[in-house]
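Chains, contacts and geometry: an overview
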Amino acid sequence: MPQIIFLPNADLCPEGAVVEAEKGESVLDVALRNDIGVEHACEKVCACTTCHMIIREGFDSIKEGDELEEDMLDKAWGLEPESRLGCQALVGDEDLVVEIPKYTVNMVSETH
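This one's a predicted model, so the numbers in the text were calculated from it and none came from an experiment. (Residues numbered from 1 in each chain as written. Predicted model: local features only at pLDDT ≥ 70, side-chain atom pairs only at ≥ 80, totals over all residues. Heavy atoms only, no water.)

Here we look at the overall build of the protein chain
What counts, and what does not: Strands here are runs of E lasting at least two residues and helices are runs of H or I lasting at least four, both read from the DSSP assignment and numbered beginning at the N terminus. Within these notes, the globule rule equals 2.2 Å times the number of residues to the 0.38 power, and the radius of gyration is based on C-alpha atoms. For each residue, the accessible area found with a 1.4 Å probe, counting protein chains only, is set against the maximum for its type, and the residue is called buried under 20%, exposed over 50%, and partly exposed in between. Here, residues are in contact when the closest pair of their heavy atoms is within 4.5 Å. Residue burial considers only the protein chains on display, and all accessible areas are found by Shrake-Rupley using a 1.4 Å probe.
Helix and strand counts for the protein chain stand at three helices and five strands. For the protein chain, the α and β elements follow one another from N to C terminus as β-β-α-β-α-β-β-α. Here the protein chain has a C-alpha radius of gyration of 13 Å; the compact-globule value for 112 residues is 13 Å, and the two agree. The principal-axis extent of the C-alpha atoms belonging to the protein chain is close to 40 × 30 × 20 Å. For the protein chain, the proportion of its 112 residues judged to be buried stands at 42%. Contacts in the protein chain between residues at least 24 apart in sequence constitute 64% of all its contacts with a sequence separation of at least 6. Total accessible area on the protein chain stands at roughly 6400 Å², and carbon and sulfur atoms take up 50% of it.

Given below as structure tokens:
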């Protein structure tokens with residue numbers, strides 16, 4: 001069973017976390033199941049960038065993102081070559097090391 005190492009994030013998991021994941025499960029679902037409260041304003045339908053994550057290790061084991069995800073990622077704060085939306089990045093056979101960026105762009109909360 002693959003593991004995901006979430007690097008420390010001052011707000012969401014200050015100590016970091018090492019958790020078990022099921023193959024085919026989204027990285028976002030793994031985080032949420034383990035009480036790492038990553039924002040997901042669009043309810044996991046690839047319509048925002050609030051679950052933006054950076055896959056520091058194991059990136060090549062995740063199926064490549066589609067055009068819709070790529071278009072959404074273009075709007076993410078702190079975009080990097082290994083950036084993915086947590087709701088779209090599905091765990092493969094390898095362990096992952098994931099960084100949750102310090103900032104996110106949440107159009108829903110910013111407009112109210």
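And the narrative resumes.
Quick word on the environment of Gly24
Mapped onto the elements, Gly24 comes out in the loop between strand S2 (17-20) and helix H1 (27-33). C-alpha of Gly24 to C-alpha of Ile62: the two residues are 38 residues apart in sequence and 9.4 Å apart in space. Every residue in contact with Gly24, bar those within four places of it in the chain, is listed here: Leu90 and Val91.

A few points about the side chain of Ser61
In plain terms, the rule: The term polar contact refers here to a pair of N or O atoms within 3.5 Å; inside protein, the definition further demands a hydrogen-donor-capable atom paired with an acceptor-capable atom, and it admits residues adjacent in sequence only when both atoms are side-chain atoms.
Residue placement: Ser61 occurs in the loop between strand S3 (52-57) and helix H2 (67-73). Looking at Ser61, its side chain comes within polar contact range of the main-chain oxygen of Gly58, at 2.7 Å. Contacts of Ser61, omitting those with residues within four sequence positions, involve Gly92, Glu94 and Leu96.

What about the pairing of strand S1 (residues 3-6)?
Under the convention used in this document: Strand pairing is defined by DSSP finding a minimum of two bridges between the two strands.
Burial of S1 is one-sided: the residues Ile4 and Phe6 facing one way are buried, the residues Gln3 and Ile5 facing the other way are not. In terms of strand pairing, S1 meets strand S5 (residues 96-99) through three bridges, oriented parallel. By the bridge assignment, Ile4 is partnered in S5 with Leu96.

Brief notes about unusual backbone geometry
The backbone phi angle of Asp35 is positive, close to 60 degrees, even though this residue is not glycine. Along the chain, Asp35 turns up in the loop between H1 and S3. Overall, the relative accessible area of 70% leaves Asp35 in the exposed class. Of note, the phi angle at Glu43 is positive, near 60 degrees, even though the residue is not glycine. For Glu43, a relative accessible area of 56% corresponds to the exposed category.

Section: the pairing of S5
Two elements, S3 and S5, share three bridges in a ladder whose sense is antiparallel. The residue bridging Glu57 from the neighbouring strand is Val97, located in S5.

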